There are 2 protein chains.
Amino acid sequence: MTKPSSDPRHTLTLRDVSEASGVSEMTVSRVLRNRGDVSPQTREKVLEAARALGYVPNKIAGALASQRVNLVGVVIPSLSNMVFPEVMTGISEVLEGTGLQPVVGVTNYLPDREEKVIYEMLSWRPSGMIVAGLEHSDASRAMLRRAGIPIVEIMDIDGDPIDHAVGISHRRAGRQMAEAIIAAGYRRIAFLGTQMPNDHRARKRLEGFEEALAKAGLQLVDREFYSGGSALLKGREMTAVVLNRTPDVDFLYYSNDMIGAGGLLYCLDKGLDVPGRIGLAGFNGVELLDGLPRKLATMDACRLEIGRKAAEIIAGKASPGAKVELFPKLEPGDTIRPVSGQH
Amino acid sequence: MTKPSSDPRHTLTLRDVSEASGVSEMTVSRVLRNRGDVSPQTREKVLEAARALGYVPNKIAGALASQRVNLVGVVIPSLSNMVFPEVMTGISEVLEGTGLQPVVGVTNYLPDREEKVIYEMLSWRPSGMIVAGLEHSDASRAMLRRAGIPIVEIMDIDGDPIDHAVGISHRRAGRQMAEAIIAAGYRRIAFLGTQMPNDHRARKRLEGFEEALAKAGLQLVDREFYSGGSALLKGREMTAVVLNRTPDVDFLYYSNDMIGAGGLLYCLDKGLDVPGRIGLAGFNGVELLDGLPRKLATMDACRLEIGRKAAEIIAGKASPGAKVELFPKLEPGDTIRPVSGQH
DNA sequence: TATCCGGCTGTTAGCGCTAGCATTATCATG
DNA sequence: CATGATAATGCTAGCGCTAACAGCCGGATA
């Protein structure tokens, strides 16, 4: 009968380490978790044995026994649009020191997928969940509510959170941008954006935007939607379409910076006077814009801060009211002309 | 004594569902996992009860009991550079139907962090691991080797894999690009790239590049490095520096497309004749380039395909030799002039 | 009628670990 | 020297689930 330690294919357990170091499993467990009193000599012996064997603790068993899982589920719609990676950065930063670890799930803006992702995550019994947006299926909401863990919905605060919410008001952001555009004297304004029925935040921005236009007696003179493909290229194409269809348009409001950047490059290519003849604005405040020939007007979505605040709530470092509202700053860049009469 | 089901704060277990539906826990388990024979009536009853209670299975316990975990660890250096999200897409696509689920860990190009991430992941006993790159600490390699699960190292094949490797030869990619540049008649060539000691793939490309230059009796006339910040902006800045320091440079080879794009925008701003007076090339083949005023020369890194192939190996759908080499295609775009004498 | 078979359900025994004690060794105190 | 305090270690009993097998039942077979 070969001893387990002599079989390199055997999966190591605490028992192996305990046998190798001549102490009980419990003591090994204590050493490996840095919990409870263990004499320095014993500690050293155990650590030595664990290292020599190449033992990696089994968190599955540990989590089951201790009823504690150091995981935080993060459910977001996409990784490829530059906005969520930055949210993740904020989350990781804060979670770093807490022993908590983020686990990401991606929904591709599909409610069904979101439901599945949430179900999967909850089945690992995480210590908390961070979910993008306030719009979820009834089943998703019910699961999250029942889970008995802190839930933070992020990015948006225009709605009723399940537990906590950290974000900005996209409706207000749209309104603000519209007001700035109107104040700058633009009147024939078009919207260019994603054709995603489930991008609720883009939708709310547009609603706020149109609301403010209406208040000024205006309405959109054109609108164009896209889905899929290279955003920069799509921005060019849509801009071409709109400029062709509505030649006298004097402002292009994009639902995100990436297509806005494409539009800007197109306008510059065509030799249009920006921001004199035509103005442009996007949304998000992505780093990319810094490298453009001209800085696109945009609004920062407070992504890093949202990630941080959400993680703080999960980590119990902050115990705020249900909603935490952040306030994006409008950055006029070089693509909105200065307000007439005060330059 | 209140029954558990009457306490909304009680965490649900199989037992609750079993009591609610009047069958044994085992049968509930079978229904919920779709395994084994269960009569349609019983199945319906159980499903009904589970739904009514809002029961979410506990995978921790399930995994411990069955010794199977449907997780695949994916360890990558970064999420913010457009390349890994696409790899993830490939992985997810293939894993979709297999019941396996990817879990991402990010190392920020730090070997220490990589070691920690791998350790954490292995402690969840995943069914397989996909790790970017071939360079790891001894401890990391040992852990992976010991884990007794399929390991796939991706992106790079210039080296010795622990188990499997799927990727391209970055050395060869660098060489190929150099050859194309030389063939096009450029002679005063500069390199602009990341100052990351641990971006081994960028390093290998540069090595291959210089090797091919040397073979043609050439060497770099200038080089410039950066770290951090907005890549597009950095591309502009570095390009300005190089053009200023080495005015007669006639080709700029960038370590990635993003800084290459910045450089391209800068050159166009300055009214330089691209690709006549000066040529440019990047690396990766990111979508972004499609929207630029001129298409940057680049080499596709086969990201999607790498993700797919790696996932197939993990899922056991493919059982290839140790290494799977993919071959990137050089896309000359509009920033390398046509080879003299054959236009 | 005895036997077997396949469909369905239940029972038993852990998976590898940790909470919560119980136990022992060590030592200062009165 | 008994006593109690403290530090170090071990034991027991699960955590919630599933593999493996055992049992039961009705019907077909010989």
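Residues numbered from 1 in each chain as written. Chains lettered and ligands numbered in written order. Predicted model: local features only at pLDDT ≥ 70, side-chain atom pairs only at ≥ 80, totals over all residues. Heavy atoms only, no water.

A closer look at the protein's contact with DNA strand C
Step number 1: Not every one of the 24 residues close to DNA strand C is listed here, only the nearest: Leu14, Ser29, Tyr55 and Arg68 of chain A together with Thr42 of chain B.
Step number 2: Atoms of DNA strand C within 4 Å of the protein belong to the sugar or the phosphate in 68% of instances, the rest to bases.
Step number 3: Contact between DNA strand C and Ser29 of chain A: a phosphate oxygen at 2.3 Å from a side-chain N or O atom of the residue.
Step number 4: Here a base nitrogen of DNA strand C and a backbone polar atom of Ala61 of chain A are 3.2 Å apart.
Step number 5: Contributions of two or more residues to the surface near DNA strand C are made by α2 (25–33) and α4 (59–66) of chain A together with α2 (25–33) and α4 (59–66) of chain B.
Step number 6: The greatest single-element share of the surface near DNA strand C, amounting to four residues, is contributed by α4 of chain A.
Step number 7: Of the residues contributing to the surface near DNA strand C, the split by class is ten nonpolar, ten polar and four charged. (Near = heavy atom within 4 Å. Polar contact = N/O pair within 3.5 Å; in protein donor to acceptor, adjacent residues only side chain to side chain. Helix = DSSP H or I, 4+ residues; strand = E, 2+ residues; numbered from the N terminus. Nonpolar A, V, L, I, M, F, W, Y, C, P; charged D, E, K, R; others polar.)

A few points about the domain arrangement of chain A
Residue and element names in this part refer to chain A.
Step number 1: Here chain A is described as being made up of domain 1 (4–65), domain 2 (76–168 + 313–318) and domain 3 (170–302).
Step number 2: A straight line from the C-alpha centre of domain 2 to that of domain 3 covers 29 Å.
Step number 3: Taken together, the contact between domain 2 and domain 3 spans 13 residues of the former and 13 residues of the latter.
Step number 4: Summing the contributions of domain 2 and of domain 3, the shared interface buries around 1200 Å²; its carbon and sulfur component is 59%.
Step number 5: Three residues stand out in domain 2 for area buried against domain 3, namely Tyr109, Asp158 and Ile168, and they jointly supply 48% of the buried area on that side.
Step number 6: Where domain 2 packs against domain 3, one counts two salt bridges.
Step number 7: For the salt bridge of Lys204 with Asp156, the shortest nitrogen-to-oxygen distance reads 2.4 Å.
Step number 8: Among the secondary structure elements, those contributing two or more residues to the side of domain 2 that touches domain 3 are α5 (83–95) and β4 (151–156).
Step number 9: For the side of domain 2 that touches domain 3, the per-class residue count stands at nine nonpolar, one polar and three charged. (Domains from an automatic or database assignment. Contact = heavy atoms within 4.5 Å. Buried area = accessible area lost by both parts, 1.4 Å probe. Salt bridge = Lys/Arg side-chain N within 4 Å of Asp/Glu carboxyl O.)

Quick notes on the packing of aromatic side chains
Step number 1: According to the stated counting rule, one finds nine aromatic pairs over all chains in the structure shown.
Step number 2: With a centroid separation of 6.0 Å and an interplanar angle of 55°, the aromatic rings of Phe191 of chain A and Phe225 of chain A are classed as tilted. One end of the pair, Phe191 of chain A, is in strand β6 (residues 189–194); the other, Phe225 of chain A, is in strand β7 (residues 222–226), and 34 residues separate them in sequence.
Step number 3: Using a relative accessible area of 4% as the deciding quantity, one classes Phe191 of chain A as buried.
Step number 4: What makes Phe225 of chain A partly exposed here is its relative accessible area of 32%.
Step number 5: Taking 4.0 Å as the distance between ring centres and 15° as the angle between the ring planes, the aromatic pair formed by Phe209 of chain B and Tyr253 of chain B counts as stacked. Of this pair, Phe209 of chain B sits in helix α9 (residues 200–215) while Tyr253 of chain B sits in strand β8 (residues 251–254), and the two are 44 residues apart along the sequence. As far as the burial class goes, Phe209 of chain B and Tyr253 of chain B line up, both buried.
Step number 6: Lying across the ring of Phe283 of chain A, Arg205 of chain A places its NZ or CZ 3.9 Å from the centre. (Phe/Tyr/Trp six-rings, centres within 6.5 Å; stacked < 30°, edge-to-face > 60°. Buried < 20%, exposed > 50% of the residue type's maximum accessible area, 1.4 Å probe, protein only. Lys NZ or Arg CZ within 6 Å of the ring centre and 35° of its normal.)

A word on the pairing of strand β6 (residues 189–194) of chain B
Residues and elements named next belong to chain B.
Step number 1: Of all six residues that make up β6, six are buried, and the element is covered over most of its length.
Step number 2: Here β6 pairs with β8 via four bridges, running parallel. In the strand pairing of β8, Ile189 is matched with Phe251.
Step number 3: As defined by bridge partners, β6 adjoins strand β7 (residues 222–226) across five bridges and the pair is classed as parallel. Residue pairing for β7: Thr194 is matched across the bridge by Tyr226.
Step number 4: Regarding the hand of the β-α-β motif, the stretch spanning β6, α9 and β7 is right-handed. (Pairing = 2+ DSSP bridges. Right-handed = clockwise from strand over helix to strand, strands pointing away.)

Here we look at the protein's contact with DNA strand D
Step number 1: Around DNA strand D sit 24 residues, and of these Thr42 of chain A together with Leu14, Ser29, Tyr55 and Arg68 of chain B come closest.
Step number 2: Considering DNA strand D, the proportion of its atoms within 4 Å of the protein that are sugar or phosphate atoms stands at 68%.
Step number 3: The separation between a base nitrogen of DNA strand D and a polar side-chain atom of Arg30 of chain A is 2.7 Å.
Step number 4: Elements with a contribution of two residues or more to the surface near DNA strand D: α2 and α4 of chain A together with α2 and α4 of chain B.
Step number 5: Per-element accounting of the surface near DNA strand D gives the leading share, four residues, to α4 of chain B.
Step number 6: In the surface near DNA strand D, the residues fall into ten nonpolar, ten polar and four charged.

A short note on the interface of chain A and chain B
Step number 1: Facing 47 residues of chain A, the contacting portion of chain B comprises 47 residues.
Step number 2: For the chain A and chain B pair, buried surface summed over both sides reaches about 4400 Å², with 62% attributable to carbon and sulfur atoms.
Step number 3: Among the residues chain A hides against chain B, the three largest losses belong to Ile60, Trp124 and Arg146 of chain A. Together they make up 16% of the total.
Step number 4: The interface formed by chain A and chain B holds four salt bridges in total.

Focus: the pattern of salt bridges
Step number 1: Taken as a whole and judged by the stated rule, the model has 44 salt bridges over all chains.
Step number 2: Arg51 of chain B is the salt-bridge partner of Glu48 of chain B, the closest N and O atoms lying 3.9 Å from each other. Linking Glu48 of chain B with Arg51 of chain B, this pair stays in helix α3 (residues 40–53), spanning three residues, or about one helical turn.
Step number 3: Overall, the relative accessible area of 56% leaves Arg51 of chain B in the exposed class.
Step number 4: Close ionic contact of Lys234 of chain B with Glu237 of chain B constitutes a salt bridge, the shortest N to O distance being 3.8 Å. Placement of both Lys234 of chain B and Glu237 of chain B in helix α10 (residues 231–245) is noted, with a separation of three residues, approximately one turn of the helix.
Step number 5: Overall, the relative accessible area of 24% leaves Lys234 of chain B in the partly exposed class.
Step number 6: Residue class for Glu237 of chain B comes out partly exposed when judged on its relative accessible area of 37%.
Step number 7: Through salt bridges with shared partners, a single ionic network connects Glu93, Glu305, Arg308 and Lys309 of chain A.

Here we look at a positive patch on the surface
All names here are of chain A.
Step number 1: On the surface, Arg30, Arg33, Arg35 and Arg68 cluster together into a patch of positive charge.
Step number 2: Looking at the secondary structure, you find Arg68 in the loop between α4 and β1 (71–76).
Step number 3: Of the residues examined, Arg68 reaches a relative accessible area of 54% and is grouped as exposed. (Patch = residues over 30% accessible without salt bridge, like charges linked within 9 Å, V, L, I, M, F, W, Y side chains within 5 Å. Areas by Shrake-Rupley, 256 points an atom, 1.4 Å probe, with all protein chains shown as cover. Lys, Arg positive; Asp, Glu negative; His and termini not counted. Charge placed at Lys NZ, Arg CZ, Asp CG, Glu CD.)

A few points about the packing of helix α6 (residues 111–122) of chain A against helix α7 (residues 138–146) of chain A
Residue and element names in this part refer to chain A.
Step number 1: Relative to each other, α6 and α7 sit at 20°, their axes nearing to 9 Å. Judged on the interaxial angle alone, α7 and α6 are roughly parallel. Note on packing geometry: the crossing formed by α6 with α7 is left-handed. When α6 is examined against α7, the residues Glu114, Glu115, Ile118, Tyr119 and Leu122 are found in contact with a partner set consisting of Ala139, Ser140, Met143 and Leu144.
Step number 2: Per-class residue counts for the contact of α6 with α7 are six nonpolar, one polar and two charged. (Axes fitted to C-alpha atoms, helices over the stretch in contact; angles between N-to-C directions. Parallel < 35°, antiparallel > 145°, perpendicular 65-115°, else oblique. Left-handed = near helix turned anticlockwise from the far one by under 90°.)

Thoughts on unusual backbone geometry
Residue and element names in this part refer to chain A.
Step number 1: For the bond from Val274 to Pro275, the omega torsion is 5°, close enough to zero to count as cis.
Step number 2: Counting through the fold element by element, Pro275 comes out in the loop between α11 (257–269) and β9 (279–281).
Step number 3: Backbone geometry places Tyr109, a non-glycine residue, at a positive phi of 60°.
Step number 4: Secondary-structure assignment places Tyr109 in the loop between β2 (101–106) and α6.

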